[in-house]
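In case you want the letters, here they are:
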Amino acid sequence: MGGLVRTMAKAVFKDKWGLVGFAATAGLALAKQVLSKPGIAVYLEYQIEKIFHGWSDDGAWPVAVDLAADSILRIFSSRGLRPNRIAVDGVPGSGKSTLAAALARKLDMAVVCLDHRNMGREINFNENRTIYEHHRLLRTQDVDCFDALIYIDEPVEVSRRKVLQRKRGGYLVDIMNYDRLKAIGHKAFSVAAGEYLAVENSFARVKIRPEGGFRCLQNIEAELRAKGLSGKGRNKEQALFLCVEGKAKKGFGAYLNPHAYDSELLQTLRQSVISTANPKRSRR
């Protein structure tokens with residue numbers, strides 16, 4: 001094997017033009033391989049449509065979302081709650097923005113999408129009559145300022161399929177570990193104190209802030225102590241990772257799939273070496 005590698009390397013790097021040719025061939029081959037990934041492909045398609053046709057949200061949503069919003073309103077009404085602030089969480093593609101928009105229209109509230117915020121920092125949720133949404137909201141922030149938490153507990157495969165269908169943000173399907181996103185998000189919702197309220201005919205779940213608050217950090221620490229661990233010196237996300245995986249991690253990078261393009265890189269390297277070492281063969 002080592003002899004084969006040395007022979008191929010000698011053919012490719014025999015002079016600077018061999019190196020240049022290899023680099024050019026590798027670059028083109030890698031681009032072709034990456035662009036063939038389903039998430040990247042639909043994202044580029046979305047960007048092209050956006051350039052030529054524009055993109056706007058017409059405020060419409062599926063009937064199922066409208067029904068889920070009505071069910072949530074009935075839960076609020078049955079408990080005498082007129083919420084001032086609501087948090088909506090769930091993995092990308094689960095329908096956070098759509099549900100938040102439907103609820104906002106029915107409750108005459110505003111919606112704040114936190115997509116471009118640094119979720120590693122403490123956010124001041126000071127807007128009244130507002131619904132905030134983000135896929136890392138519950139796992140990174142103090143949520144006691146919210147009257148209600150909504151978590152969309154949708155199966156990972158369903159959310160991934162929906163991301164590809166909507167095209168916008170499709171690349172996330174390729175690069176993010178959805179199972180890890182789901183596991184930490186589910187834990188962040190489950191450790192919040194309060195009754196677990198299922199929304200009829202929906203994957204959405206609701207918790208209303210109890211009198212003593214959601215007590216997330218206290219409940220996380222209690223769970224860690226039961227496992228012989230401690231969250232001291234950790235932020236909320238790190239402590240949740242410690243609960244779920246036994247290792248403290250944080251940030252957007254903690255959910256990236258480091259091997260997302262391994263097969264594409266290996267295939268590119270193989271094709272590029274062969275093409276550069278045997279140019280006549282590559283043109284056939």
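Scroll up for the structure.
Starting from 1, residues in each chain are numbered consecutively following that chain's sequence as written. Local features in a predicted model are, by the rule used here, given only for residues with pLDDT of at least 70; side-chain atom pairs are given and counted only at 80 or more, and totals for whole chains, interfaces and linings are based on all residues. Excluding hydrogens and water, the side-chain figures rest on all heavy atoms present in the structure.

K.L.:
Would you mind going over the sheet that holds strand E5 (residues 197-198) with me for this structure?
P.N.:
Sheet strands pair by backbone hydrogen bonding; their relative direction is either parallel or antiparallel. Note: two strands are recorded as paired if DSSP finds a minimum of 2 bridges between them. Under the DSSP-based scheme used, a helix requires at least four consecutive residues in state H or I and a strand at least two consecutive residues in state E, with every element numbered from the N terminus. Across the sheet, which stays open at both edges, the six strands sit in the order E2-E3-E1-E4-E6-E5 with mixed pairing between neighbours. A strand with exactly one partner marks an edge of an open sheet, and here the two such strands are strand E2 (110-113) and E5. Pairing of strand E4 (residues 148-152) with strand E6 (residues 204-208), which is carried by five bridges, proceeds in the antiparallel orientation. Note on E6: the bridge partner recorded for Ile-152 is Ala-204. Any pair of residues with heavy atoms lying within 4.5 Å of one another is described as a contacting pair. For helices, the axis comes from a line fit to the C-alpha atoms of the stretch in contact; other axes are also lines fit to C-alpha atoms, and the angle between any two N-to-C directions lies between 0 and 180 degrees. Its contacts with the sheet put helix H5 (residues 96-107) on strand E1 (85-89), E2, strand E3 (130-133), E4 and E6, and the angle it makes with E3 is roughly 175°. Along the sheet face, helix H9 (residues 178-190) touches E4 and E6 and points at about 155° away from the line of E4.

K.L.:
Explain unusual backbone geometry here, please?
P.N.:
Both trends apply: most residues other than glycine have a negative phi, and most peptide bonds are in trans. Even without a glycine there, the phi angle at Arg-129 is positive, about 50°. One can find Arg-129 in the loop between E2 and E3. Its identity as a non-glycine residue notwithstanding, Asn-201 has a phi of 55°, on the positive side. Its place among the elements puts Asn-201 in the loop between E5 and E6.

K.L.:
Honestly, the packing of aromatic side chains in this entry has me stumped. Any pointers?
P.N.:
Each Phe, Tyr or Trp ring (for Trp, its six-membered ring) is paired with any other whose centre lies within 6.5 Å, and the angle between the two planes then decides the class: stacked below 30 degrees, edge-to-face above 60, tilted in between. Summed over all chains, the structure comprises six aromatic pairs. Seen from their ring centres, Phe-125 and Phe-146 are 4.9 Å apart, and the 55° between their planes marks the pair as tilted. Of this pair, Phe-125 sits in the loop between E2 and E3 while Phe-146 sits in the loop between helix H6 (137-140) and E4, and the two are 21 residues apart along the sequence. The exposure classification of Phe-125 matches that of Phe-146, with both residues buried. Pairing Tyr-132 with Phe-146 gives two aromatic rings, centres 5.9 Å apart and planes at 70°, and the pair type is edge-to-face. With a gap of 14 residues between them, Tyr-132 in strand E3 and Phe-146 in the loop between H6 and E4 connect regions that are remote in the sequence. Relative accessibility under 20% of the residue-type maximum defines a buried residue, over 50% an exposed one, and the middle range a partly exposed one, all with a 1.4 Å probe and only protein chains included. In this structure Phe-146 comes out as buried when scored by relative accessible area, which is 0%. Note that Arg-160 overlies the ring of Tyr-178, its terminal NZ or CZ placed 5.7 Å from the centroid. Charge-over-ring placement is defined geometrically: NZ (Lys) or CZ (Arg) within 6 Å of the ring centre, and within 35 degrees of the ring normal.

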